[in-house]
Amino acid sequence: QVQLVESGGGLVDPGGSLRLSCVASGRTYSTNEAMGWFRQAPGKEREFVAAKSWSGGTSTYADSVKGRFTISRDYFNDTVYLQMNNLKPEDTAVYYCAASYRAISTLQDVGYWGQGTQVTVSS
């Protein structure tokens, strides 16, 4: 089983920035493995945020975060990052790291989840 551990969440002012990290471990990785991020606000469904293939050729984003968030992967350290800029109060949610052997765009694509890290955008 793949283990995913997120970090980097916290409280930030509107317009500020935050960088989330997710370290993957527990198995031998495949070239076609994808990793990404979802988020879930209280009372709302978990939604897709961003994803990137293990090969790193393509990044995909939800419309709500395009131009503000950037996903990247450190292949040497088996880590995926989510750089979040120009944060808005509506970005407040628990952010979950995700991994799969298939391309990630929906909840059903995800094979493994991290425990989540809280991001709160408020002044």
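It should be noted that the structure appears before, not after, this text.
Residues numbered from 1 in each chain as written. Predicted model: local features only at pLDDT ≥ 70, side-chain atom pairs only at ≥ 80, totals over all residues. Heavy atoms only, no water.

Visitor: Quick question: what am I supposed to make of the sheet that holds strand S8 (residues 79-84) here?
Guide: The pairing of strands in a sheet happens through backbone hydrogen bonds and is either parallel or antiparallel. In spatial order, the strands read S1-S3-S8-S7; together these 4 strands make up an open sheet with antiparallel pairing. Among the strands making up the open sheet, the edge pair consists of strand S1 (3-7) and strand S7 (69-74). Each strand axis lies, on average, 15° off the axis of its neighbour in the sheet, ignoring direction. Two strands pair when backbone bridges link them, and strand S3 (residues 18-25) and S8 are joined in this way by 6 bridges, in the antiparallel orientation. Across the sheet, Leu20 pairs through a bridge with Leu82, a residue of S8. (Pairing = 2+ DSSP bridges. Helix = DSSP H or I, 4+ residues; strand = E, 2+ residues; numbered from the N terminus. Axes fitted to C-alpha atoms, helices over the stretch in contact; angles between N-to-C directions.)

Visitor: Help me out: how do you make sense of the pattern of salt bridges in this one?
Guide: Side chains carrying opposite charge are able to pair once their charged atoms draw close together. According to the stated counting rule, one finds 5 salt bridges in the structure shown. Put simply, Arg68 and Asp91 hold a salt bridge, and the shortest N to O gap is 2.7 Å. One end of the pair, Arg68, is in the loop between strand S6 (59-61) and S7; the other, Asp91, is in the loop between S8 and strand S9 (93-100), with 23 residues separating them in the sequence. Per residue, the accessibility class of Arg68 equals that of Asp91, and both read buried. Among the ionic contacts, a cluster of salt bridges with common partners joins Arg39, Glu47, Arg68 and Asp91. (Salt bridge = Lys/Arg side-chain N within 4 Å of Asp/Glu carboxyl O. Buried < 20%, exposed > 50% of the residue type's maximum accessible area, 1.4 Å probe, protein only.)

Visitor: I'm lost on unusual backbone geometry in this one. Help?
Guide: For residues that are not glycine, phi is negative in most cases, and the peptide bond is trans in most cases. Its identity as a non-glycine residue notwithstanding, Asn86 has a phi of 50°, on the positive side. The topology assignment puts Asn86 in the loop between S8 and S9. Judged by its relative accessible area of 43%, Asn86 is partly exposed.

Visitor: How should the packing of aromatic side chains be read in this particular structure?
Guide: The relative placement of two aromatic rings is captured by the distance of their centres and the angle of their planes. Enumeration according to the criterion identifies 3 aromatic pairs in this entry. With centroids separated by 5.6 Å and ring planes inclined at 80°, the aromatic side chains of Phe38 and Phe48 adopt a geometry described as edge-to-face. With a gap of 10 residues between them, Phe38 in strand S4 (residues 34-40) and Phe48 in strand S5 (residues 47-53) connect regions that are remote in the sequence. What makes Phe38 buried here is its relative accessible area of 1%. Since its relative accessible area comes to 16%, Phe48 is described here as buried. With 5.1 Å between their ring centres and 70° between their planes, Phe38 and Trp113 make a pair best called edge-to-face. Placement of Phe38 in strand S4 and of Trp113 in strand S10 (residues 112-113) is noted, with a sequence separation of 75 residues between them. The rings of Phe38, Phe48, Tyr96 and Trp113 are connected pair by pair, giving a single aromatic cluster. Over the ring of Tyr96 we find Arg46; its NZ or CZ atom is 3.7 Å from the centre of that ring. Sitting over the face of the ring of Trp113, Arg46 holds its NZ or CZ atom 4.6 Å from the ring centroid. (Phe/Tyr/Trp six-rings, centres within 6.5 Å; stacked < 30°, edge-to-face > 60°. Lys NZ or Arg CZ within 6 Å of the ring centre and 35° of its normal.)

By themselves, these observations are geometric and do not establish any function.
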